Amino acid sequence: MEPLLPIGILLPERGSRTLLHDLHRQLRSAIIEGRLRPGLRLPSTRSIAEYYGVSRNTAVAAYDLLLSEGYVVARRGSGTRVAVALPRAPSAPASGKASNSKIQRVVPFWRSAGTPSNENVSGTARWSFRLGVPDAESFPVEVWRRLSIRESRAMRMAEGLETDLQGRRELREAIARHVSFTRAVACAPGDILVTAGAQQAFDLLARVLVTPQRTHVALEDPGYRPLRAAFEAAGGKVSAIPVDRDGLVVDKLPQNAHIICVTPSHQFPLGCILSAQRRAALLDFAQTRNAVVVEDDYDGEFRYTDRPLDALQTLDRRESVFYVGTFSKSLLPTLRLGYIVAPPWARSALLAAKAVAEGSCCGLTQGILASLITGGHLARHVRKMQQTYGRRRQLLIDTLLRDLSKWLELIPSAAGLHVAATLKVPLSDKAIEAAALRQRIGVRALSAMATRRTSPAGLAFGFGAIKEPEITAGLAALRRVLSSAARSA
């Protein structure tokens, strides 16, 4: 039977004293929330009575209440319609006492979390060196559109209704070949869980690996704050571990660490690479203490100098490493597709957590991405962007070394979409960030992404979404900001 209204209405059995109240309340809520749109013609009271098994008098009374409250209008010959101009919702109590008492029901972590922060600077800056953001204008739109049309035609209705929590088989097969070729990560399609981006991967890992107030989590500092938030929200006892130019300082790991999160290919935000010696030491630490490692292969797609070191997952022999990848940097962040290469012992738990958290990712998008990878389009796009980003990176480095070396010392980096530099003068990098933004220059202070007071002061510069002329002009403007700040210090 076709639904009478485009909403679900649940009513008690016939004869209940709350029939009128429940019918009126659910209709009113649907109107207020916009599920019954303004101007919509409502079914007749006779139809309502027959469909929902209530008396005609109950249906008429519910409509009369809505009419008296101003939520519907009735005209002879045109029936009853949802009012175009709805009455104002009741205002909140002036004292705020009810709100103050209700907020105690919110978990303490979320009460103090505030609005989620962005690791980037303001997008309104004239010269915006945004971190980890690719060049959206270079996205292969025509290829994506063509594959989208083909995938839409090939998808049968039955497939459109089915979901696979682990991810579509063809995409997992494509990812397995992709990471094997690009990062020497040996895995089968069954080892892979497709996620809605890297952040969902972190959230799922925190859900299944953290026992609240018992699990100790070691994170890089400075580091990626959204990753930290995922493990803190799960109740992990977080420790900040320093990072130097060889990456995570493994010797500083607490002996009781259960989980170590690391970005070995291109550390965020310093940009350094975890050395071979520290990779071996980290895996030895994990194996000796029965800990696990979350390897975020951040910005690992784009390399400009030496051959990349093997991924930790490639070196792992004890099923200790969770490898997290994403297509946000190589394609677009808005695709919201990433993946976890997980050890066998954790896969069923991750699938169960994903079922609770969100379920499957968009099947159509997964199919298009699978075709993009298997058709070689992704590899060609990465090669093309490697050249584009390489030029921007070199211009950025050359200008920093030539024109800003008085204030900044470059941190060596061989990969990714950003570079970082430490301050050589006793200035506050947060103050520099604020002063630069007033001049419409978007750079990021390193200390803003750290929790330790001893973290290095400096600036991070993204070059993925900024063109060469803007790089030159933006750094020239920054030079004036630094010069002025130094004179005032």
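This one's a predicted model, so the numbers in the text were calculated from it and none came from an experiment.

A. Up close: unusual backbone geometry. Cis geometry marks the peptide bond from Asp 221 to Pro 222, where omega comes out at 5 degrees. Residue Pro 269 is bonded to the preceding Phe 268 through a cis peptide linkage, with omega at 10 degrees. Here the phi dihedral of Asn 290 falls at roughly 55 degrees; this positive angle occurs in a residue that is not glycine. Within the secondary structure, Asn 290 is located in the loop between helix 11 (276-288) and strand 9 (292-296). Among the residues examined, Asn 290 registers a relative accessible area of 71% and is labelled exposed. Within the chain, Arg 440 stands out as a residue other than glycine whose phi angle is a positive 65 degrees.

B. Geometry of the environment of Ile 397. The topology assignment puts Ile 397 in helix 15 (residues 377-403). Given the relative accessible area of 10%, Ile 397 is considered buried. Separated by 317 residues in sequence, Ile 397 and Thr 80 have C-alpha atoms that sit 69 Å apart. Each residue touching Ile 397, except ones within four places of it in the same chain, is listed here: Leu 410 and Val 419.

C. Region of the structure containing the side chain of Arg 444. Mapped onto the secondary structure, Arg 444 falls in strand 15 (residues 444-445). Only 3.1 Å separates the side chain of Arg 444 from the side chain of Glu 433, close enough to count as a polar contact.

D. Structural view of the sheet that holds strand 8 (residues 259-262). The sheet built from 8 strands is open, its strands ordered 4-11-10-9-8-5-6-7 with mixed pairing. Where the open sheet ends on each side, the last strands, each with one partner, are strand 4 (192-195) and strand 7 (247-248). Here strand 10 (residues 321-326) runs beside strand 11 (residues 338-341); their pairing, made up of 4 bridges, is antiparallel. Bridge pairing in strand 11 places Val 324 opposite Ile 340.

E. Layout of a nonpolar patch on the surface. Nonpolar side chains collect at one region of the surface, where Ile 103, Val 106, Val 107 and Trp 110 lie side by side and expose about 370 Å² of accessible area between them. Structurally, Val 107 can be placed in the loop between helix 4 (97-102) and helix 5 (108-113).

F. Broad picture of helix 16 (residues 429-438). Turning to helix 16, its buried residues number three or more, namely Asp 429, Ile 432, Glu 433, Ala 435 and Ala 436. Turning to helix 16, the residues buried within the fold contact strand 13 (418-423), strand 14 (441-442), strand 15, strand 16 (458-462) and helix 17 (468-488). Once helix 16 finishes, Arg 440 follows within two positions and takes phi at roughly 65 degrees, a positive value.

G. Representation of the pattern of salt bridges in the model. As enumerated under the stated definition, the model contains 21 salt bridges in all. Here Arg 228 and Glu 232 are joined by a salt bridge, their closest N and O atoms 3.0 Å apart. In this pair, Arg 228 and Glu 232 both sit in helix 10 (residues 225-233), 4 residues apart, roughly one turn of the helix. In this structure, Asp 244 and Arg 278 form a salt bridge, with 2.6 Å as the shortest nitrogen-oxygen distance. Residue Asp 244 is found in strand 6 (residues 237-244), and its partner Arg 278 is found in helix 11; the two are separated by 34 residues along the sequence. Exposure remark for Asp 244: the relative accessible area of 29% places this residue in the partly exposed category. Each of the salt bridges in this network shares a partner with another, and the network as a whole consists of Asp 135, Glu 137, Arg 391, Arg 392, Lys 467 and Glu 468.

H. Molecular detail of the nonpolar core. Residues Phe 129, Leu 408, Phe 461 and Leu 478 are the most contacted members of the largest nonpolar core, which totals 63 residues. With 7 residues, the single largest contributor to this core is helix 15. Residues within four places of Leu 478 in sequence aside, it is in contact with Leu 404, Ala 436, Ile 441, Val 443, Leu 459 and Phe 461.

I. Examining the pairing of strand 10 more closely. Among the 6 residues of strand 10, 6 are classified as buried, and the element is accordingly described as predominantly covered. Burial of strand 10 is two-sided: the residues Val 321, Tyr 323 and Gly 325 facing one way and the residues Phe 322, Val 324 and Thr 326 facing the other way are all buried. With 4 bridges connecting them, strand 9 and strand 10 associate as parallel partners. Of the residues in strand 10, the one forming a bridge with Asp 296 is Val 324.

About the thresholds
- Residues numbered from 1 in each chain as written.
- Predicted model: local features only at pLDDT ≥ 70, side-chain atom pairs only at ≥ 80, totals over all residues.
- Heavy atoms only, no water.
- Helix = DSSP H or I, 4+ residues; strand = E, 2+ residues; numbered from the N terminus.
- Buried < 20%, exposed > 50% of the residue type's maximum accessible area, 1.4 Å probe, protein only.
- Contact = heavy atoms within 4.5 Å.
- Polar contact = N/O pair within 3.5 Å; in protein donor to acceptor, adjacent residues only side chain to side chain.
- Pairing = 2+ DSSP bridges.
- Patch = residues over 30% accessible without salt bridge, like charges linked within 9 Å, V, L, I, M, F, W, Y side chains within 5 Å.
- Areas by Shrake-Rupley, 256 points an atom, 1.4 Å probe, with all protein chains shown as cover.
- Salt bridge = Lys/Arg side-chain N within 4 Å of Asp/Glu carboxyl O.
- Core = buried A, V, L, I, M, F, W, Y, C linked by side-chain atoms within 4.5 Å.

Note that all results are geometric; they support no functional claim without further evidence.
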